Structure formats: C-alpha cells, structure tokens
Amino acid sequence: MKNKLSRRNFLKTGIGIGAAAVLTGRKNMARGAEEKGKMRVVASGNGLRATEKGMELLRQGKDPLDAVIAGVNIVENDPNDRSVGYGGLPNEDGVVELDSSVMHGPTHNGGAVASLRNIKNPSKVAKIVMERTDHVLLVGRGALRFAKAHGFKEENLLTDRAREAWLRRKERLSDRDFWFPPKPEEADREFASFFDFHGTINCIAIDANGDLAGVTTTSGFFFKIPGRVGDSPIIGAGLYVDNDVGAAGSTGRGEANILNCGSFQVVNFMSRGSSPEEACLKTLERIANKSKLLPRLLNEEGLPRFGLSFYAINKKGEYGGATMWSGSRYAVHDGKENKRVPSAYLFKRKK
Ligand code: ASP
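Residues numbered from 1 in each chain as written. Predicted model: local features only at pLDDT ≥ 70, side-chain atom pairs only at ≥ 80, totals over all residues. Heavy atoms only, no water.

### Remarks on the sheet that holds strand β13 (residues 344-347)
Phase 1: Ordered in space as β7-β8-β9-β10-β13, the five strands form an open sheet in which the pairing is mixed. The open sheet has two edge strands with one neighbour each: β7 (239-242) and β13. The average angle at which neighbouring strand axes cross in this sheet is 15°, direction not considered.
Phase 2: Pairing of strand β8 (residues 246-252) with strand β9 (residues 308-314) involves seven bridges; the strand directions are antiparallel. Bridge pairing links Gly249 to Tyr311 in β9.
Phase 3: Packing against the sheet, helix α10 (residues 262-271) makes contact with β7, β8 and β9, and its axis sits at approximately 145° to β8. (Pairing = 2+ DSSP bridges. Helix = DSSP H or I, 4+ residues; strand = E, 2+ residues; numbered from the N terminus. Axes fitted to C-alpha atoms, helices over the stretch in contact; angles between N-to-C directions. Contact = heavy atoms within 4.5 Å.)

Take a look at the structure:
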C-alpha cells in the first residue's frame, strides 16, 4: 500500500476518478447511449483534421482502418507538425525515425513499423505489414527495405526547422566539447521549448456497423537514442482494438505506457463495464501508482512528472479521453460536429 497514490493525494492535487468522470463523462455516456450505432472518430488534440477526414470516409462507407489512416496521413505529411512524419523532430544523430501501428477490429489483425527512416507515412507501411506479411512488427532497415519493395519512395524527412532545433540542442548540450552554445538572439527562439519535445497522433473510429479500428503514428521523443522505440508501434501499449469491446490509443511518455500495456488495459477495463473515460482514468491511475517505484519519474510532490493521455471508444459509440495532468483536449467527430473537447484528468496542474 505504501506505493499506492492515496485518495488524499487525488483530492489534494486533482480530482478522483469518480469526480473526473462526472465532470466530462456523463454527458458523453448519455450521448453514446442515445445514438447507438452512430459513427465516431476520436483523435489526440492535434488530430482535428484527422477526425474530419476520418468521418468523411466513414460516411462514404469506407473501412474504419482506411478512414483513420487517411486522417493521420494529413498530419504525417504536414511539415509544421513536429511530432509526426515529415517535419518530425529527429533523434540525437539528427535523423528522423518514425514509429506507427494499426489495428483492424473485424479481423483482429495488426501491423507496425518502428525506427523507420526516410518514409513519410509509416502508418501506410504498418497497414501493408498487416496485409501482406505473416508478421506484426518490422523495424529499422528491414522496415525500410519492406517499404521500398512496396513502392514507397525514400525522402529526406528532416525539415530545416527540425534540423535547426536539433543543432541548437546539440550546441547547448555540453560546455566540454567544441560546439559553441547558441547565440543569445537564437536562445529566445522557439527551440528553447523543444527540450523534451515529443508528440504523436492517435486516431480511432467506429463505423456504422459497429466495427472498430485505430492507428498511432509518431516521430517519438526529440533527441532520443537512435533505435529507441516508443509505445506507438507496440500493439497493446500505443494502440489496441477489440472489435467486441472497443478501441483505445495513447500519446505521451511511451516508456511508462509500454511497461503497463496501457491501451490493452483501457480496453480491458471497458470489457468489465467501465465507460471509455473511466477506463482511461483507471489505466492512468494504475500507471501513476507503478511510477512511484521509479523516483526519477516523480516531482517534488511524489506525483508522475510526465504526460500521458488515452483516448477510447466502446462498441456502443461512447467515447472518452483522459490525461495524467489537466489542461489537454482531444479531437472528436461525433457524426454531427467536429470539435476538440476537454480531457478528463487524474491530477490538476498548478497554475
Ligand atoms: N508516445 C510517444 C513515444 O513515446 C511520444 C508522444 O506521444 O509524445 O514515442
């Protein structure tokens, strides 16, 4: 019990699961029940264009996996989104390495790639791994060779903006090397905030037949050790779909998520009766408790000092999202409206 986050902690620093679910969940639950069988597309906060596109394709009767992949491709192709695909921030060698997974509910099949270089749309390659091989996950050079065999063209994914961010970080890394630190006028630029920058897009959907699918795609942590693989391409961590129950996906600190099989856990909680939002919160609570065993992950108050978010849809079309710390939104197209809504949260961020 020593390592459990006490009820008092929840009350002191944020709101407990019950209260958080009440704040944003009840509305969603009621809406889902009323509109059983309706289509939904849910994504991380950077996914508003993805949910729009996904819904457009669901309305045309497209497979939910094709719908969500087409949605995230918009973000993968966007040089201004620094967390995914082209324009993504590179590893410590200045090389962009991408991770992605897809999962298709009706066939309970999945595919993934990790540490993939020079290919803009890892999510498309992940789908081909699923469809054209007897494997689930291809990595590194093998993944690149596979992509090229399927006609993907190699491109330089490092935009000037991302290269400069990498260079500035490298320059300020140490005063015991031959690199001079950034000039003062450069230090004030956005690169300062690039430390520990990371990001991902997850997108999950349910179609009019009640079939589910999902995709997660990312460039992972900025300045990661080359070869580092996050949670996004790990089925059960960054993404999980069970067509009888629901779909879940994640963004945020991948290591914490991998160690707790987060997305699987969310779907598992939904299978035992939790609403999507409750399932996300319960999973975050479990991860927060386990993090107590690793003091380097904790802030002065003994709470996780990292961000992690989950998104979920159940078989009835109810949806929800929750995050470790307050202040996030996620994207949802509920069939009527495409919007960003507040995520429930485990801990309230101090102003
Ligand atoms: N989950 C991603 C990873 O660990 C990063 C993120 O979503 O911010 O690679």
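### Some points on the sheet that holds strand β6 (residues 212-218)
Phase 1: Spatial ordering of the open sheet is given by β4-β3-β2-β6-β5-β1-β11-β12, a layout of eight strands whose pairing is mixed. In the strand order of this sheet, the two ends are held by β4 (137-139) and β12 (338-342), each with one partner. Direction aside, neighbouring strands of the sheet carry axes that sit 15° apart on average.
Phase 2: Sheet topology note: the strand β11 (residues 329-333)/β12 ladder contains five bridges and is antiparallel. Across the sheet, residue Tyr330 finds its bridge partner in β12, namely Val341.
Phase 3: Helix-sheet contacts for helix α4 (residues 64-76) involve β1 (40-44), β2 (98-104), β5 (200-206) and β6, and the interaxial angle to β6 is about 20°.

### Points about the pattern of salt bridges
Opposite charge on two side chains permits pairing when their charged atoms draw close.
Phase 1: As enumerated under the stated definition, the model contains 15 salt bridges in all.
Phase 2: Note that Arg163 is salt-bridged to Asp160, the shortest N-O span being 3.5 Å. One end of the pair, Arg163, and the other, Asp160, are both in helix α7 (residues 160-172), three residues apart, so they sit about a helical turn from each other.
Phase 3: On the accessibility criterion, Asp160 (52% relative accessible area) is exposed.
Phase 4: For Asp334, the salt bridge identified is with Lys339, shortest N-O distance 3.0 Å. Lys339 shares its class with Asp334; the two are buried.
Phase 5: Among the charged side chains, a salt-bridge network with shared partners connects Asp66, Lys127 and Glu131. (Salt bridge = Lys/Arg side-chain N within 4 Å of Asp/Glu carboxyl O. Buried < 20%, exposed > 50% of the residue type's maximum accessible area, 1.4 Å probe, protein only.)

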